[in-house]
Amino acid sequence: MLKIGDFSKLSRISIRMLRHYDEIGLLIPKSTDEFTGYRYYSEDQLLVAGRITALKDMGFGLAAITEIFENYDNPQALAKFLSVKRAEVQSQADETAHRLLLLETAVKRLRKDGTAMNYNVTLKTLPERYVASVRQIIPNYDQEGILWQLMMKEIAHLNIQDGTPCYTLAIFHDKEYKEDDVDVEVQKSVKGSYPDTEHVVFKTEPPVQIASATYKGGYDQIDKVNEAVANWVRDNGYEFYGAMFNIYHVSPHETQNPKEWVTEVCYPVKKNNI
């Protein structure tokens, strides 16, 4: 028999933890002196202590280890526990690797351009949404307001309810920059069901994965934001996958002061498997 101090040294588990294991029924001493309260362990319990340590090193919590011990002699059940934990750890490892990549690319951009972090790019999914939409060829990008005015005029009598959240955005469908006759679609998230009008179409848009950067100020910053997003997409192993669009969180509709505008520049992307 081993005193708790000796068992602690041999098992490399602190006395405090051994007492805790005893309290939760994970590793109960072979005997306890009823007068002194001293705990005594048998040598074969070192094997159990080793299993506990090994499972903790794999990332299992004490509650899970207790459950594993109930099935330890069942290889199939044990393999299932290990497989689930392996998948969990792999997911965490992938997430950590992604964060490291983001940090590395951010550091590289800062070394090249001290203002690179002015536009922080994030990867996210814009959820499915029901929208009112107007799509037309307009003279140039600066005249996007034509589409918004058309939409507001035609849906004014429908008592439209704004979506939650209410996204107002413009999608630029041309595959290249054009000086004139540009293909633009404006959308507004709505709740409910409404009939199409002459120019407004109501439809459900699917979720889309995007790389986006949000900034405050006038639209003259768009080129720099586009560059930040393009660098992020390249550096993080993604590729463009659809028409870019802007989400107008604060637009000229809310304020005429360009310094107060808040715009999110969004590019649909997918992982580059090459």
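What comes next is a walk through the structure. These numbers come from a predicted model, not from an experiment.

## Notes on the pairing of strand β13 (residues 262-271)
Move 1: Of all 10 residues in β13, eight are buried; the element is thus mostly enclosed.
Move 2: Relative to β13, strand β11 (residues 238-240) is paired through three bridges, and the arrangement is antiparallel. Following the sheet pairing, Y238 is matched in β13 by K271.
Move 3: One ladder, built from five bridges, connects strand β12 (residues 245-250) with β13; its direction is antiparallel.

## What to know about the packing of helix α1 (residues 4-11) against helix α3 (residues 45-57)
Move 1: Across the interface, α1 lies against α3 with an axial gap of 10 Å and an inter-helix angle of 50 degrees. One finds that α1 runs oblique with respect to α3. Read as a crossing pair, α1 and α3 show a hand that is right-handed. Taking contact as the criterion, the partners of F7, L10 and S11 in α1 are, on α3, Q45, L46 and A49.

## With respect to unusual backbone geometry
One can expect most non-glycine residues to show negative phi and most peptide bonds to be in trans.
Move 1: For the bond running from T164 to P165, omega is -5 degrees, close enough to zero to count as cis.
Move 2: Along the chain, P165 falls in the loop between β6 (161-162) and β7 (168-172).
Move 3: For R12, which is not glycine, the phi dihedral falls at a positive 60 degrees.
Move 4: Relative to the helices and strands, R12 resides in the loop between α1 and α2 (15-23).
Move 5: Classification of R12 by relative accessible area gives exposed; the value is 77%.

## Digging into the environment of V89
Move 1: Within the secondary structure layout, V89 lies in helix α5 (residues 75-112).
Move 2: Residue classification places V89 among the partly exposed positions, given a relative accessible area of 37%.

## Looking at the environment of I138
Move 1: Structurally, I138 can be placed in strand β5 (residues 129-138).
Move 2: A relative accessible area of 2% places I138 in the buried class.
Move 3: Separated by 105 residues in sequence, I138 and A243 have C-alpha atoms that sit 17 Å apart.
Move 4: Aside from chain neighbours lying at most four places away, what touches I138 is Q143, E144, L147, D181, V182 and V184.

What counts and how
- Residues numbered from 1 in each chain as written.
- Predicted model: local features only at pLDDT ≥ 70, side-chain atom pairs only at ≥ 80, totals over all residues.
- Heavy atoms only, no water.
- Buried < 20%, exposed > 50% of the residue type's maximum accessible area, 1.4 Å probe, protein only.
- Helix = DSSP H or I, 4+ residues; strand = E, 2+ residues; numbered from the N terminus.
- Pairing = 2+ DSSP bridges.
- Axes fitted to C-alpha atoms, helices over the stretch in contact; angles between N-to-C directions.
- Parallel < 35°, antiparallel > 145°, perpendicular 65-115°, else oblique.
- Left-handed = near helix turned anticlockwise from the far one by under 90°.
- Contact = heavy atoms within 4.5 Å.

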